[in-house]
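Inside the fold
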Amino acid sequence: MILGAIGDDFTGSSDLGLTLAQGGMRTVQYVGVPDKPAAADVDAGIIALKTRSIPAAEAVRQSLDALHWLQDQGCKQIIFKYCSTFDSTPEGNIGPVIEALIDALETDAPVIVCPAFPATGRTVYQGHLFVQDRLLSESGMENHPLTPMTDPDLRRVLALQTKRPIGHLPLAALHAGLARKTLLDEAEAGRQIIVCDAVSNSDLLVLGEAARGFPLVTGGSGIGLGLPSVLQANAKDKSSWSGVSGPALALSGSCSTATRNQIAAHKAAGGAQRKVEVDEIIEGLRPEDLLDWAKDNKPLPLIYSSDDPQAVKAAQSRFGQARCAEAVEGFFAALASQAIDRGFTRLISAGGETSGAVVGAIDATALAIGPMIDPGVPALKLEGRKVALALKSGNFGSEDFFFKAAQVLEGR
Ligand SMILES: Nc1ncnc2c1ncn2[C@@H]1O[C@H](COP(=O)(O)OP(=O)(O)OP(=O)(O)O)[C@@H](O)[C@H]1O
Ligand SMILES: O=C(O)[C@@H](O)C(=O)CO
(Lines give C-alpha, C1' and ligand atoms only; values in the text may rest on other atoms or scores of the structure.)
(Ligands and ions follow the chains in the order given, each with its own letter.)
Protein backbone atom coordinates (compact mmCIF):
# COMPACT_ATOMS: atom_id res chain seq x y z
CA MET A 1 0.00 0.00 0.00
CA ILE A 2 1.50 3.34 -1.05
CA LEU A 3 -1.13 5.79 0.10
CA GLY A 4 -3.08 5.65 3.34
CA ALA A 5 -6.03 7.76 4.35
CA ILE A 6 -7.94 8.39 7.55
CA GLY A 7 -11.53 9.53 6.96
CA ASP A 8 -13.59 11.17 9.70
CA ASP A 9 -16.85 9.65 8.41
CA PHE A 10 -18.09 6.80 6.21
CA THR A 11 -19.64 8.60 3.25
CA GLY A 12 -16.73 11.06 3.15
CA SER A 13 -14.29 8.16 3.05
CA SER A 14 -16.02 6.66 0.02
CA ASP A 15 -15.93 10.12 -1.58
CA LEU A 16 -12.13 10.10 -1.28
CA GLY A 17 -12.04 6.46 -2.35
CA LEU A 18 -13.71 7.42 -5.62
CA THR A 19 -11.12 10.13 -6.31
CA LEU A 20 -8.21 7.78 -5.68
CA ALA A 21 -9.76 4.96 -7.71
CA GLN A 22 -10.39 7.37 -10.57
CA GLY A 23 -6.74 8.35 -10.26
CA GLY A 24 -5.87 4.75 -11.11
CA MET A 25 -5.16 3.34 -7.65
CA ARG A 26 -6.63 0.04 -6.49
CA THR A 27 -8.48 1.44 -3.51
CA VAL A 28 -10.12 -0.26 -0.55
CA GLN A 29 -12.19 1.41 2.15
CA TYR A 30 -11.87 -0.25 5.55
CA VAL A 31 -14.61 -0.03 8.13
CA GLY A 32 -12.57 0.99 11.18
CA VAL A 33 -8.99 -0.16 11.77
CA PRO A 34 -8.54 -3.66 10.28
CA ASP A 35 -7.28 -6.45 12.51
CA LYS A 36 -5.19 -8.00 9.75
CA PRO A 37 -2.79 -6.74 7.06
CA ALA A 38 -4.07 -5.39 3.75
CA ALA A 39 -4.11 -7.57 0.63
CA ALA A 40 -0.88 -7.22 -1.34
CA ASP A 41 -2.47 -5.62 -4.40
CA VAL A 42 -4.01 -2.62 -2.62
CA ASP A 43 -2.47 0.72 -3.65
CA ALA A 44 -4.55 3.00 -1.44
CA GLY A 45 -6.33 2.15 1.80
CA ILE A 46 -8.83 4.41 3.50
CA ILE A 47 -9.76 3.77 7.10
CA ALA A 48 -13.27 5.08 7.60
CA LEU A 49 -13.83 6.30 11.15
CA LYS A 50 -16.79 8.07 12.69
CA THR A 51 -14.79 10.76 14.48
CA ARG A 52 -16.25 14.00 13.16
CA SER A 53 -18.45 14.82 16.12
CA ILE A 54 -17.04 12.78 18.99
CA PRO A 55 -14.85 14.24 21.79
CA ALA A 56 -11.50 15.43 20.39
CA ALA A 57 -9.37 13.14 22.59
CA GLU A 58 -11.23 10.08 21.32
CA ALA A 59 -10.98 11.27 17.70
CA VAL A 60 -7.22 11.65 18.18
CA ARG A 61 -6.91 8.19 19.73
CA GLN A 62 -8.77 6.47 16.90
CA SER A 63 -6.93 8.47 14.21
CA LEU A 64 -3.55 7.47 15.68
CA ASP A 65 -4.59 3.81 15.74
CA ALA A 66 -5.48 4.16 12.05
CA LEU A 67 -2.16 5.89 11.33
CA HIS A 68 -0.17 3.11 12.94
CA TRP A 69 -1.94 0.43 10.91
CA LEU A 70 -1.36 2.40 7.69
CA GLN A 71 2.31 2.86 8.57
CA ASP A 72 2.58 -0.90 9.11
CA GLN A 73 1.27 -1.39 5.56
CA GLY A 74 4.15 0.72 4.22
CA CYS A 75 2.25 3.90 3.23
CA LYS A 76 4.49 6.70 1.99
CA GLN A 77 1.92 9.44 2.39
CA ILE A 78 -1.09 9.88 4.67
CA ILE A 79 -4.24 11.85 3.88
CA PHE A 80 -6.49 13.05 6.66
CA LYS A 81 -9.92 13.42 4.98
CA TYR A 82 -12.54 15.70 6.52
CA CYS A 83 -15.64 17.31 5.10
CA SER A 84 -15.51 19.74 2.17
CA THR A 85 -17.53 22.09 4.38
CA PHE A 86 -14.89 21.75 7.13
CA ASP A 87 -17.44 20.43 9.66
CA SER A 88 -15.91 21.04 13.09
CA THR A 89 -16.32 23.03 16.30
CA PRO A 90 -13.90 25.33 18.19
CA GLU A 91 -12.74 22.19 20.05
CA GLY A 92 -12.00 20.26 16.85
CA ASN A 93 -11.72 17.72 15.61
CA ILE A 94 -9.75 18.81 12.56
CA GLY A 95 -7.04 20.80 14.38
CA PRO A 96 -6.35 18.30 17.18
CA VAL A 97 -6.17 15.35 14.76
CA ILE A 98 -3.78 17.21 12.42
CA GLU A 99 -1.54 18.12 15.38
CA ALA A 100 -1.49 14.55 16.66
CA LEU A 101 -0.68 13.16 13.20
CA ILE A 102 2.18 15.66 12.77
CA ASP A 103 3.62 14.64 16.14
CA ALA A 104 3.25 10.93 15.46
CA LEU A 105 4.84 11.26 12.02
CA GLU A 106 7.63 13.35 13.57
CA THR A 107 7.58 15.61 10.53
CA ASP A 108 8.38 19.28 10.07
CA ALA A 109 7.28 19.21 6.41
CA PRO A 110 4.43 21.53 5.36
CA VAL A 111 0.91 20.20 5.92
CA ILE A 112 -1.70 21.24 3.37
CA VAL A 113 -5.20 22.08 4.60
CA CYS A 114 -7.57 22.24 1.64
CA PRO A 115 -11.24 21.19 1.72
CA ALA A 116 -11.85 22.41 -1.88
CA PHE A 117 -14.07 20.10 -3.96
CA PRO A 118 -14.88 22.14 -7.07
CA ALA A 119 -17.14 19.46 -8.64
CA THR A 120 -19.59 20.10 -5.79
CA GLY A 121 -19.02 23.85 -5.60
CA ARG A 122 -16.61 23.95 -2.64
CA THR A 123 -13.68 26.30 -3.31
CA VAL A 124 -11.10 28.06 -1.15
CA TYR A 125 -10.03 31.61 -1.99
CA GLN A 126 -8.08 34.08 0.17
CA GLY A 127 -8.26 31.50 2.94
CA HIS A 128 -12.08 31.56 2.86
CA LEU A 129 -14.30 28.57 2.07
CA PHE A 130 -17.16 29.00 -0.40
CA VAL A 131 -20.09 26.69 -1.17
CA GLN A 132 -21.07 27.62 -4.72
CA ASP A 133 -21.35 31.44 -4.67
CA ARG A 134 -21.87 31.71 -0.88
CA LEU A 135 -19.38 31.99 1.91
CA LEU A 136 -19.47 28.89 4.12
CA SER A 137 -21.09 30.94 6.89
CA GLU A 138 -24.02 31.87 4.60
CA SER A 139 -24.39 28.50 2.90
CA GLY A 140 -26.78 26.89 5.36
CA MET A 141 -23.85 25.31 7.22
CA GLU A 142 -24.21 28.06 9.84
CA ASN A 143 -27.33 26.16 10.97
CA HIS A 144 -25.81 22.67 11.09
CA PRO A 145 -27.12 20.97 14.26
CA LEU A 146 -23.76 19.53 15.38
CA THR A 147 -21.04 21.60 13.71
CA PRO A 148 -22.43 25.04 12.81
CA MET A 149 -19.90 26.85 10.61
CA THR A 150 -20.21 30.56 11.29
CA ASP A 151 -16.77 31.72 10.12
CA PRO A 152 -15.68 31.16 6.49
CA ASP A 153 -12.03 32.08 7.20
CA LEU A 154 -10.38 28.69 7.63
CA ARG A 155 -7.27 30.26 9.17
CA ARG A 156 -9.36 31.68 12.03
CA VAL A 157 -11.38 28.48 12.35
CA LEU A 158 -8.22 26.39 12.67
CA ALA A 159 -6.54 28.89 14.99
CA LEU A 160 -9.27 28.08 17.54
CA GLN A 161 -8.57 24.36 17.23
CA THR A 162 -4.79 24.39 17.59
CA LYS A 163 -2.18 26.55 19.30
CA ARG A 164 0.13 26.24 16.29
CA PRO A 165 0.40 29.21 13.90
CA ILE A 166 -1.54 28.80 10.66
CA GLY A 167 -0.03 29.61 7.26
CA HIS A 168 -1.63 30.45 3.92
CA LEU A 169 -0.90 29.59 0.30
CA PRO A 170 -2.69 32.27 -1.76
CA LEU A 171 -4.13 31.42 -5.18
CA ALA A 172 -1.91 34.05 -6.80
CA ALA A 173 1.23 32.25 -5.59
CA LEU A 174 -0.16 28.90 -6.73
CA HIS A 175 -0.95 30.32 -10.19
CA ALA A 176 2.53 31.90 -10.35
CA GLY A 177 4.14 28.46 -10.01
CA LEU A 178 5.18 29.14 -6.42
CA ALA A 179 3.06 26.57 -4.59
CA ARG A 180 5.85 24.33 -3.31
CA LYS A 181 8.16 27.24 -2.51
CA THR A 182 5.42 29.05 -0.57
CA LEU A 183 4.57 25.89 1.37
CA LEU A 184 8.21 25.34 2.30
CA ASP A 185 8.67 29.04 3.21
CA GLU A 186 5.58 28.99 5.42
CA ALA A 187 6.75 25.87 7.24
CA GLU A 188 10.24 27.33 7.61
CA ALA A 189 8.67 30.43 9.19
CA GLY A 190 6.95 28.22 11.77
CA ARG A 191 3.56 28.03 10.06
CA GLN A 192 3.56 24.33 9.24
CA ILE A 193 -0.22 23.94 8.95
CA ILE A 194 -1.11 25.82 5.79
CA VAL A 195 -4.56 26.71 4.45
CA CYS A 196 -4.30 26.44 0.66
CA ASP A 197 -6.45 28.25 -1.85
CA ALA A 198 -7.83 26.15 -4.73
CA VAL A 199 -10.77 26.96 -7.00
CA SER A 200 -10.43 24.33 -9.73
CA ASN A 201 -9.33 20.76 -10.27
CA SER A 202 -6.18 22.02 -11.96
CA ASP A 203 -5.29 23.93 -8.76
CA LEU A 204 -5.72 20.68 -6.84
CA LEU A 205 -3.42 18.87 -9.27
CA VAL A 206 -0.79 21.57 -8.67
CA LEU A 207 -1.18 21.06 -4.91
CA GLY A 208 -0.75 17.30 -5.30
CA GLU A 209 2.52 17.87 -7.16
CA ALA A 210 3.63 20.49 -4.61
CA ALA A 211 3.07 17.96 -1.81
CA ARG A 212 5.50 15.44 -3.34
CA GLY A 213 7.27 13.70 -0.46
CA PHE A 214 5.27 15.43 2.31
CA PRO A 215 4.20 12.71 4.78
CA LEU A 216 0.83 14.30 5.61
CA VAL A 217 -1.75 16.12 3.50
CA THR A 218 -5.25 17.01 4.66
CA GLY A 219 -8.46 18.04 2.98
CA GLY A 220 -11.68 17.06 1.28
CA SER A 221 -11.65 14.44 -1.45
CA GLY A 222 -10.32 17.03 -3.91
CA ILE A 223 -6.91 16.88 -2.28
CA GLY A 224 -6.70 13.28 -3.51
CA LEU A 225 -6.87 14.36 -7.17
CA GLY A 226 -3.19 15.12 -7.61
CA LEU A 227 -1.64 12.43 -5.43
CA PRO A 228 -2.00 9.16 -7.41
CA SER A 229 0.04 10.29 -10.41
CA VAL A 230 2.80 11.61 -8.14
CA LEU A 231 2.99 8.48 -6.00
CA GLN A 232 2.49 5.94 -8.71
CA ALA A 233 3.89 6.68 -12.14
CA ASN A 234 1.54 5.32 -14.85
CA ALA A 235 -1.25 4.89 -12.33
CA LYS A 236 -3.94 2.82 -13.99
CA ASP A 237 -7.09 1.41 -12.42
CA LYS A 238 -6.51 -2.28 -11.89
CA SER A 239 -9.79 -2.77 -10.09
CA SER A 240 -11.93 -5.67 -11.18
CA TRP A 241 -15.12 -4.19 -9.75
CA SER A 242 -18.29 -5.59 -11.26
CA GLY A 243 -21.93 -4.95 -10.44
CA VAL A 244 -24.30 -7.16 -8.47
CA SER A 245 -27.75 -8.23 -9.63
CA GLY A 246 -30.65 -8.98 -7.29
CA PRO A 247 -33.14 -7.02 -5.20
CA ALA A 248 -32.35 -3.43 -4.27
CA LEU A 249 -33.49 -1.35 -1.29
CA ALA A 250 -32.99 2.35 -0.59
CA LEU A 251 -32.90 3.79 2.94
CA SER A 252 -32.79 7.46 3.84
CA GLY A 253 -32.43 9.17 7.20
CA SER A 254 -30.94 12.26 5.60
CA CYS A 255 -33.04 15.39 6.02
CA SER A 256 -30.95 17.62 3.72
CA THR A 257 -32.65 19.61 0.98
CA ALA A 258 -30.77 17.63 -1.69
CA THR A 259 -31.98 14.29 -0.31
CA ARG A 260 -35.57 15.49 0.06
CA ASN A 261 -35.53 16.60 -3.60
CA GLN A 262 -34.16 13.18 -4.57
CA ILE A 263 -36.96 11.48 -2.64
CA ALA A 264 -39.54 13.61 -4.50
CA ALA A 265 -37.90 12.77 -7.84
CA HIS A 266 -37.89 9.04 -6.97
CA LYS A 267 -41.62 9.23 -6.31
CA ALA A 268 -42.28 11.20 -9.51
CA ALA A 269 -40.38 8.51 -11.46
CA GLY A 270 -42.69 5.79 -10.09
CA GLY A 271 -40.50 4.57 -7.21
CA ALA A 272 -42.19 2.67 -4.36
CA GLN A 273 -41.96 4.60 -1.09
CA ARG A 274 -42.74 4.13 2.56
CA LYS A 275 -42.21 6.99 5.02
CA VAL A 276 -41.50 6.09 8.62
CA GLU A 277 -42.24 8.55 11.43
CA VAL A 278 -40.07 8.91 14.52
CA ASP A 279 -43.00 8.21 16.85
CA GLU A 280 -43.96 4.96 15.09
CA ILE A 281 -40.34 3.81 15.34
CA ILE A 282 -40.23 4.65 19.04
CA GLU A 283 -43.57 2.90 19.53
CA GLY A 284 -42.07 -0.33 18.12
CA LEU A 285 -42.53 -0.37 14.32
CA ARG A 286 -41.19 -3.72 13.11
CA PRO A 287 -38.49 -3.67 10.39
CA GLU A 288 -39.72 -7.07 9.14
CA ASP A 289 -43.13 -5.60 8.25
CA LEU A 290 -41.47 -3.01 6.05
CA LEU A 291 -39.27 -5.60 4.42
CA ASP A 292 -42.38 -7.70 3.68
CA TRP A 293 -43.74 -4.64 1.92
CA ALA A 294 -40.44 -4.05 0.04
CA LYS A 295 -39.88 -7.58 -1.18
CA ASP A 296 -42.23 -7.98 -4.16
CA ASN A 297 -40.17 -6.55 -7.00
CA LYS A 298 -41.50 -3.06 -6.51
CA PRO A 299 -39.76 -0.31 -8.50
CA LEU A 300 -36.82 0.43 -6.17
CA PRO A 301 -38.47 0.48 -2.72
CA LEU A 302 -37.35 3.43 -0.62
CA ILE A 303 -37.91 3.59 3.14
CA TYR A 304 -37.26 7.04 4.57
CA SER A 305 -37.61 9.09 7.72
CA SER A 306 -36.37 12.24 5.95
CA ASP A 307 -38.48 15.24 6.77
CA ASP A 308 -38.45 19.03 6.57
CA PRO A 309 -36.75 21.14 9.27
CA GLN A 310 -40.02 21.98 11.11
CA ALA A 311 -41.03 18.32 11.40
CA VAL A 312 -37.54 17.34 12.52
CA LYS A 313 -37.59 20.11 15.17
CA ALA A 314 -41.05 18.99 16.34
CA ALA A 315 -39.88 15.37 16.75
CA GLN A 316 -36.72 16.55 18.52
CA SER A 317 -38.61 18.73 20.97
CA ARG A 318 -40.95 15.83 21.72
CA PHE A 319 -38.35 13.09 22.21
CA GLY A 320 -34.98 14.92 22.37
CA GLN A 321 -32.43 15.12 19.55
CA ALA A 322 -30.31 12.20 20.75
CA ARG A 323 -33.28 9.87 21.19
CA CYS A 324 -34.62 10.66 17.70
CA ALA A 325 -31.20 10.01 16.14
CA GLU A 326 -30.68 6.82 18.13
CA ALA A 327 -34.14 5.48 17.28
CA VAL A 328 -33.99 6.32 13.58
CA GLU A 329 -30.40 5.13 13.09
CA GLY A 330 -31.12 1.93 15.05
CA PHE A 331 -34.16 1.30 12.87
CA PHE A 332 -32.21 1.74 9.63
CA ALA A 333 -29.44 -0.49 10.99
CA ALA A 334 -32.00 -3.23 11.71
CA LEU A 335 -33.58 -2.79 8.27
CA ALA A 336 -30.19 -3.08 6.57
CA SER A 337 -29.11 -6.16 8.46
CA GLN A 338 -32.43 -7.97 7.96
CA ALA A 339 -32.53 -6.92 4.30
CA ILE A 340 -29.18 -8.63 3.69
CA ASP A 341 -30.42 -11.75 5.53
CA ARG A 342 -33.46 -11.79 3.24
CA GLY A 343 -31.39 -11.66 0.06
CA PHE A 344 -31.34 -7.97 -0.85
CA THR A 345 -28.04 -7.50 -2.67
CA ARG A 346 -28.03 -3.77 -3.42
CA LEU A 347 -28.40 -1.24 -0.60
CA ILE A 348 -28.52 2.51 -1.12
CA SER A 349 -28.21 4.69 1.96
CA ALA A 350 -28.60 8.47 2.20
CA GLY A 351 -27.01 10.47 5.02
CA GLY A 352 -23.63 10.26 6.75
CA GLU A 353 -24.91 9.12 10.15
CA THR A 354 -27.48 6.84 8.55
CA SER A 355 -24.81 5.25 6.36
CA GLY A 356 -22.57 4.75 9.39
CA ALA A 357 -25.39 2.87 11.08
CA VAL A 358 -26.13 0.82 7.94
CA VAL A 359 -22.51 -0.19 7.34
CA GLY A 360 -22.06 -1.00 11.03
CA ALA A 361 -25.03 -3.38 10.91
CA ILE A 362 -24.09 -5.52 7.93
CA ASP A 363 -20.82 -6.96 9.11
CA ALA A 364 -18.73 -5.08 6.57
CA THR A 365 -14.99 -4.88 7.07
CA ALA A 366 -13.66 -3.81 3.67
CA LEU A 367 -15.35 -2.18 0.69
CA ALA A 368 -14.00 -2.19 -2.85
CA ILE A 369 -14.46 1.12 -4.67
CA GLY A 370 -16.29 0.91 -7.99
CA PRO A 371 -17.51 3.41 -10.57
CA MET A 372 -18.94 6.86 -9.88
CA ILE A 373 -22.68 7.29 -9.36
CA ASP A 374 -22.44 11.05 -8.90
CA PRO A 375 -19.53 13.31 -7.87
CA GLY A 376 -18.42 12.21 -4.40
CA VAL A 377 -20.47 8.98 -4.45
CA PRO A 378 -18.97 5.71 -5.76
CA ALA A 379 -20.51 2.30 -6.07
CA LEU A 380 -19.05 0.01 -3.37
CA LYS A 381 -18.90 -3.72 -2.93
CA LEU A 382 -18.41 -5.74 0.23
CA GLU A 383 -15.20 -7.68 -0.24
CA GLY A 384 -15.84 -11.38 -0.71
CA ARG A 385 -19.65 -11.00 -0.75
CA LYS A 386 -22.28 -10.36 -3.40
CA VAL A 387 -23.52 -7.14 -1.83
CA ALA A 388 -23.15 -3.70 -3.41
CA LEU A 389 -23.65 -0.43 -1.57
CA ALA A 390 -24.03 3.27 -2.26
CA LEU A 391 -23.43 5.64 0.66
CA LYS A 392 -24.52 9.19 -0.13
CA SER A 393 -23.54 12.26 1.87
CA GLY A 394 -26.62 14.35 2.60
CA ASN A 395 -25.74 17.15 0.19
CA PHE A 396 -24.48 15.07 -2.71
CA GLY A 397 -26.11 13.54 -5.77
CA SER A 398 -28.31 14.62 -8.66
CA GLU A 399 -32.13 14.53 -8.42
CA ASP A 400 -32.40 11.09 -10.01
CA PHE A 401 -29.83 9.68 -7.56
CA PHE A 402 -31.80 6.70 -6.20
CA PHE A 403 -32.66 5.03 -9.52
CA LYS A 404 -29.26 5.92 -10.94
CA ALA A 405 -27.50 4.36 -7.94
CA ALA A 406 -29.51 1.14 -8.28
CA GLN A 407 -28.45 0.88 -11.92
CA VAL A 408 -24.77 1.56 -11.30
CA LEU A 409 -24.71 -0.99 -8.45
CA GLU A 410 -26.07 -3.52 -10.90
CA GLY A 411 -23.18 -2.76 -13.24
CA ARG A 412 -25.26 -0.88 -15.82
N1 LIG B 1 -37.72 12.64 10.89
C2 LIG B 1 -36.66 12.79 11.68
N3 LIG B 1 -36.74 13.47 12.83
C4 LIG B 1 -35.67 13.61 13.62
N5 LIG B 1 -34.44 13.14 13.33
C6 LIG B 1 -34.31 12.45 12.18
C7 LIG B 1 -35.40 12.24 11.31
N8 LIG B 1 -34.97 11.54 10.24
C9 LIG B 1 -33.67 11.31 10.45
N10 LIG B 1 -33.26 11.85 11.61
C11 LIG B 1 -31.89 11.83 12.14
O12 LIG B 1 -31.22 12.94 11.55
C13 LIG B 1 -29.84 12.60 11.32
C14 LIG B 1 -29.55 12.79 9.84
O15 LIG B 1 -28.17 12.69 9.69
P16 LIG B 1 -27.47 12.03 8.45
O17 LIG B 1 -26.00 12.27 8.67
O18 LIG B 1 -27.91 10.63 8.26
O19 LIG B 1 -27.99 12.87 7.23
P20 LIG B 1 -27.40 14.26 6.68
O21 LIG B 1 -27.07 15.15 7.84
O22 LIG B 1 -28.34 14.75 5.64
O23 LIG B 1 -26.10 13.74 5.95
P24 LIG B 1 -24.58 14.28 5.98
O25 LIG B 1 -24.08 14.16 7.39
O26 LIG B 1 -23.90 13.32 5.06
O27 LIG B 1 -24.63 15.66 5.48
C28 LIG B 1 -29.67 11.16 11.75
O29 LIG B 1 -29.18 11.10 13.07
C30 LIG B 1 -31.11 10.63 11.68
O31 LIG B 1 -31.28 9.51 12.50
O1 LIG C 1 -16.34 16.19 1.74
C2 LIG C 1 -17.56 16.04 1.70
O3 LIG C 1 -18.37 16.97 1.57
C4 LIG C 1 -18.10 14.65 1.93
O5 LIG C 1 -17.18 13.69 1.51
C6 LIG C 1 -18.38 14.47 3.36
O7 LIG C 1 -17.47 14.21 4.13
C8 LIG C 1 -19.78 14.69 3.79
O9 LIG C 1 -20.02 14.21 5.07
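It should be emphasised that the depicted structure is a prediction, and the values quoted were computed from it without experimental measurement.

Rules used in this analysis
Residues numbered from 1 in each chain as written. Chains lettered and ligands numbered in written order. Predicted model: local features only at pLDDT ≥ 70, side-chain atom pairs only at ≥ 80, totals over all residues. Heavy atoms only, no water. Axes fitted to C-alpha atoms, helices over the stretch in contact; angles between N-to-C directions. Helix = DSSP H or I, 4+ residues; strand = E, 2+ residues; numbered from the N terminus. Parallel < 35°, antiparallel > 145°, perpendicular 65-115°, else oblique. Left-handed = near helix turned anticlockwise from the far one by under 90°. Contact = heavy atoms within 4.5 Å. Nonpolar A, V, L, I, M, F, W, Y, C, P; charged D, E, K, R; others polar. Near = heavy atom within 4 Å. Polar contact = N/O pair within 3.5 Å; in protein donor to acceptor, adjacent residues only side chain to side chain. Areas by Shrake-Rupley, 256 points an atom, 1.4 Å probe, with all protein chains shown as cover. Disulfide = S-S within 2.5 Å. Buried < 20%, exposed > 50% of the residue type's maximum accessible area, 1.4 Å probe, protein only.

What follows deals with the packing of helix H6 (residues 179-188) against helix H7 (residues 201-210). Where H6 meets H7, the closest approach of the two axes is 9 Å, and the angle between their N-to-C directions is 55°. One element, H6, and the other, H7, form an angle in the oblique class. As for how H6 packs across H7, the hand of that crossing is right-handed. Of the residues in H7, those touching H6 at Ala 179, Arg 180 and Leu 183 are Val 206, Glu 209 and Ala 210. Taken together, the residues of the contact of H6 with H7 sort by class into four nonpolar, no polar and two charged.

Every residue near ligand 2 is listed here: Asp 9, Thr 11, Gly 12, Asp 15, Arg 52, Lys 81, Tyr 82, Cys 83, Ser 84, Ser 393 and Phe 396. Asp 9 places a polar side-chain atom, nitrogen or oxygen, 3.2 Å from an oxygen atom of ligand 2. Contact with the protein chains covers 93% of the free accessible surface of ligand 2, which is 270 Å². The biggest single contributor to the shell around ligand 2 is helix H1 (residues 10-22), with three residues. Considered class by class, the residues forming the shell around ligand 2 number three nonpolar, four polar and four charged.

With that out of the way, let us pick up the state of the cysteines. Using the criterion set out here, one finds zero disulfides in the structure. Cys 83 takes part in no disulfide bond, and the closest cysteine sulfur to it belongs to Cys 114, at a distance of 13 Å. You can call Cys 83 buried: its relative accessible area is 14%.

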